[in-house]
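Structure assessment
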Amino acid sequence: AWPSPGVILTHFVFPAVPRINCDVKAGKIINPEFMVKCPAGCQDPKYHVYGTGVYASYSSVCGAAVHSGVLDNSGGKILIRKVAGQSGYKGTYSNGVQSLSLPRWRESFIVSESKPQKGVTYPSTLTYSSSKNPAARADETTKDYEKSSIPATTTWPITLTQGPAIPVAEVTHRVLPKPFPFAATVTSSPRPHPMGLRSQEMGEMDVWKPGPALLDSGNYPHFLYSSDCKVDLSFLIDGSSSIGKRRFQIQKQFLADVVQALDIGPAGPLMGIVQYGDNPATQFNLKTHMNSQDLKTAIEKITQRGGLSNVGRAISFVTKNFFSKANGNRGGAPNVAVVMVDGWPTDKVEETARVARESGINIFFITIEGAAEKEKQYVLEPNFANKAVCRTNGFYSFNVQSWLSLHKTVQPLVKRVCDTDRLTCSKTCLNSADIGFVIDGSSSVGTGNFRTVLQFVANISKEFEISDTDTRIGAVQYTYEQRLEFGFDKHSTKTDVLSAIKRVGYWSGGTSTGAAIQYALEQLFKKSKPNKRKLMILITDGKSYDDVRIPAIAAHQKGVITYAIGVAWAAQDELEVIATHPARDHSFFVEEFDNLYKSVPRIIQNICTEFNSQPRN
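Conventions used here
- Residues numbered from 1 in each chain as written.
- Predicted model: local features only at pLDDT ≥ 70, side-chain atom pairs only at ≥ 80, totals over all residues.
- Heavy atoms only, no water.
- Helix = DSSP H or I, 4+ residues; strand = E, 2+ residues; numbered from the N terminus.
- Expected span 1.5 Å × (residues − 1).
- Buried < 20%, exposed > 50% of the residue type's maximum accessible area, 1.4 Å probe, protein only.
- Contact = heavy atoms within 4.5 Å.
- Disulfide = S-S within 2.5 Å.
- Core = buried A, V, L, I, M, F, W, Y, C linked by side-chain atoms within 4.5 Å.
- Axes fitted to C-alpha atoms, helices over the stretch in contact; angles between N-to-C directions.
- Parallel < 35°, antiparallel > 145°, perpendicular 65-115°, else oblique.
- Left-handed = near helix turned anticlockwise from the far one by under 90°.
- Nonpolar A, V, L, I, M, F, W, Y, C, P; charged D, E, K, R; others polar.
- Pairing = 2+ DSSP bridges.
- Right-handed = clockwise from strand over helix to strand, strands pointing away.
- 1 Å grid on protein atoms, 1.4 Å probe; cavity = no way out; pocket = protein on both sides within 12 Å on 5 of 7 lines; lining within 4 Å.
- Points joined across faces, edges and corners; volume = space filled by probe spheres on them.
- pLDDT = per-residue confidence, 0-100.

Because an α-helix packs 3.6 residues into every turn, residues spaced three or four apart end up facing the same way. Between its first and last C-alpha, helix α16 (residues 600–612) extends 18 Å over 13 residues, near the 18 Å set by a 1.5 Å rise per residue. The complete set of buried residues in α16 reads V600, I603, I604, N606, I607, C608 and F611. Against the buried residues of α16 lie α10 (447–462), β19 (533–540), β20 (560–567), α15 (583–586) and β21 (587–590).

Shown next as C-alpha cells:
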C-alpha cells in the first residue's frame, strides 16, 4: 500500500567500507577509528601479529582480527579503534594465529565487530602514511593522530596524547580472548606513549636540549685514548621506532662523545656504525672516516630507521659483513662490537652472539632503561645481555637507568674498550694456541708415508691464524732419538710455517714415543707463552718401545692438551693413555696413511669445541 499523505520516507545510504590487504599494518593507516573489509586467507603466519586483545600498531590489521576471533579465515568487515601504546604485548596462540610478544610500542589498536555506532560516521577512504615504512615515521604519524578530529557524536573519544585510560571492557568481541595483563586498562603502564616517551620522564625530556651541534659538546677532553688503543670498533645503535626521536638524538650525542674521547686514525682506534631496526644496515665502515672530526660530522647526519629492535639479526650481520678487510678491518687489532639497546630486543641474541664470540668479536652491551620487574614477562629472552656479551664477569655489560644519564657511561666504556689485554674474545680457537707437532720418523713409516704425514701436519696448520701474536707452530721428529725441527718463535707467517714443514727430512729409526713427549715438553713447550693454549699433536704408526704413561701424565699436568693420532700398527690403548681426557675427543686412529686427511676436520672441530666450552665468567 502507498504511504499516507504527509509521511516522508528516508533512504539511508551507507558509505562503502574500504578494502585492505592482509599485510596492511594498523600503523600505516592515519585514521584513529575506521571500518575495513579484510580478504580471505589472513590467517597465514607471514602476516605478523603482536599482542593479545590489544595489538601493537605494527601488526597486520586483518591478522589481528583473525587472532582475536572477530573474523575467521574467510575475511569480512571489522571495526578498528586506535588506542595508546603499551609497555609490552604478550604473544599467544589463538584461532589459528600465533601472535608474537613485543616490548613497548608507540600505539595500539583494538578490533571489534563491524557494528556501526549510532551517530558515528566512518571514513569511506582511508588516509595512509606517506612513508613506505610507516614504522619509521613514528613521530610524524603521531602528529597526524593528534590533529585528527573526532565527530562530536562519537561514543568513544580518542586522544593519543597522555590521558585517561580507555577500558578494554567497553569493546565487544565476538570471541573474547583469554585474560591478559592489560585487562584493566590499555594505558595501565607508565611506559612509552605514541611519541616514544615514557610518561614519568615527559618533563625531563622536554627540558633536555642537545647542544648546537654534536661536534661541539664540550663535555669531554679530546683524545683520552689514542695510539695505545688500537681497536677496530663497531657500534650497533638502536634505530627502532619505540626509541623515539629524542632518545635517538641522545644516542647520537653519546657516540659523538665517545669519538671525542678517542683519537680516531690508522695508528689508533677505527670506528664504524651499524644501525638496526627490523633489519641492520651499515651507516659507515671502519675506513669510511679516518679521523674524529669527520666521524662526528657523519654521526650528526645519521637518521633513524624505525622498525623493531632485532638485535640478534644485527649481531649476525656484523659477524658476517662488518669486520672484513674490504671494510677496513686490520688483522692485528681486536674486533669490538658495542650493542646499544633501548629496553630489550625483539629477537633472540644467544646463538648469533655465540658465533660472534667464536669469530673473535668482543661484544659489549649497553642496556638503557631495561625491563622493570612487571615488564620482564614481555622480554623474549631473559638475561639477554649475559647471553650475548664476551664474558659474564661484568666487564662487558652496562645497565643505564635513564637515557638522561647515558653520558656517564662514556669514559668507563672507552677505558674498557681500550684495555686490549682484557678483550678476551679476541682469542679464538684458531688464533691463540702454541701447537707442537710430535712426528714419528721411525723406519716403519717409510719415505712416501712420511711425506703424507707432513702433508697432514700442513693441512692442520693451514686452518689456524699464524703470527708471532696469534697461533704459533713448532715441530719435533723422533725415532729412538729426538730432534727439534723448528720452535714456536722460528716462523711467524703461515707461508713460512708451511715451507718449514715441507723441508723436514725423514730420519728413520726406532719408536721411543715416551721420550719424545718428554723432549717436546722440555725443548718446545717450555718456551710457550703463558697466555697461549698449549696443544701437542702426536702422530705415530706403531707401539712405543718405552713407557708413555709417565710422560703423558706430565704433559697433562703442565696443561698441555694432547691429541694422539695413530696409523696402521699404532696401539689404540697407548693412544688413549697419551690423549687428554676424554680420550674419545683427543685420540684418532686410521688404518692407512692415505686416510689421515679425513681426520683433519674433526680434529679442528674438537679443538674449537673444547676452546669454546670454557666458562664465560
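Let us keep going from here.
This part takes up the state of the cysteines. Across all of its chains, the model carries five disulfides by this definition. Residue C22 pairs covalently with C42 via a disulfide, S to S 2.0 Å. Given an S-S torsion of about -80°, the disulfide between C22 and C42 has left-handed geometry. Of this pair, C22 sits in the segment before β1 (33–38) while C42 sits in the loop between β1 and β2 (51–52); the two residues are 20 residues apart in sequence, bridging distant segments of the chain. Accessibility expressed as a relative area gives 2% for C42, which makes it buried.

So, on to the nonpolar core. In terms of nonpolar packing, the biggest core is built from 69 residues, with F235, M271, F364, F365, I366 and L413 touching the most fellow members. Sequence-distant contacts of F365, defined by excluding residues within four places in its chain, comprise V311, I315, V339, V341, F384, A385, A388, V389, Y396, S397 and F398. Core analysis: the next-biggest nonpolar cluster, separate from the first, contains 39 residues, L454, V457, A458 and I607 among them.

Time to look at the packing of helix α12 (residues 513–523) against helix α13 (residues 549–557). It is the contact of α12 with α13, at a shortest axis distance of 8 Å, that shows an interaxial angle of 25°. In this view, α12 runs roughly parallel relative to α13, as classed from their interaxial angle. At the point where α12 passes α13, the crossing takes the left-handed sense. For the pair formed by α12 and α13, the contact residues are G514, I517, Q518 and L521 on the first element and P551, A552, A554 and A555 on the second. Residue composition of the contact of α12 with α13, grouped by class: six nonpolar, two polar and no charged.

This next bit is on the pairing of strand β16 (residues 433–440). For a regular strand, side-chain orientation follows a simple rule: the groups alternate between the two sheet faces. By the criterion of burial, β16 is predominantly enclosed, with eight of the eight residues buried. As paired strands, β16 and β19 are joined by seven bridges and run parallel to one another. Note that in β19 the partner of I435 across the bridge is L535. Note that β16 and strand β17 (residues 472–478) share seven bridges and pair parallel. By the bridge assignment, I435 is partnered in β17 with I473. For the segment spanning β16, α10 and β17, crossover handedness is right-handed.

Here we take up the layout of surface pockets. Computed from the structure, the largest pocket encloses a volume of approximately 840 Å³. For the largest pocket, the lining is made up of 28 residues, of which G332, S426, K427, N431 and D470 are closest to its centre. In terms of residue class, the lining of the largest pocket is made up of five nonpolar, 16 polar and seven charged.

Looking now at the sheet that holds β20. Taken in spatial order, the six strands line up as β18-β17-β16-β19-β20-β21 in an open sheet, and their pairing is mixed. Pairing within the sheet leaves two strands with one partner each, and these edge strands are β18 (482–486) and β21. Taking each pair of neighbouring strands and ignoring which way they run, the sheet shows an average axis angle of 20°.

Detailed reading of the predicted coordinates is not advisable wherever pLDDT is low. Within the protein chain, residue pLDDT values average 83, and 81% of them lie at 70 or more. Note that residues 7–12 has pLDDT below 50 and, in this model, zero contacts with residues that lie over four places away or in other chains. Note that pLDDT drops below 50 for residues 131–223; the model gives that stretch 210 contacts with residues more than four away or on any other chain.

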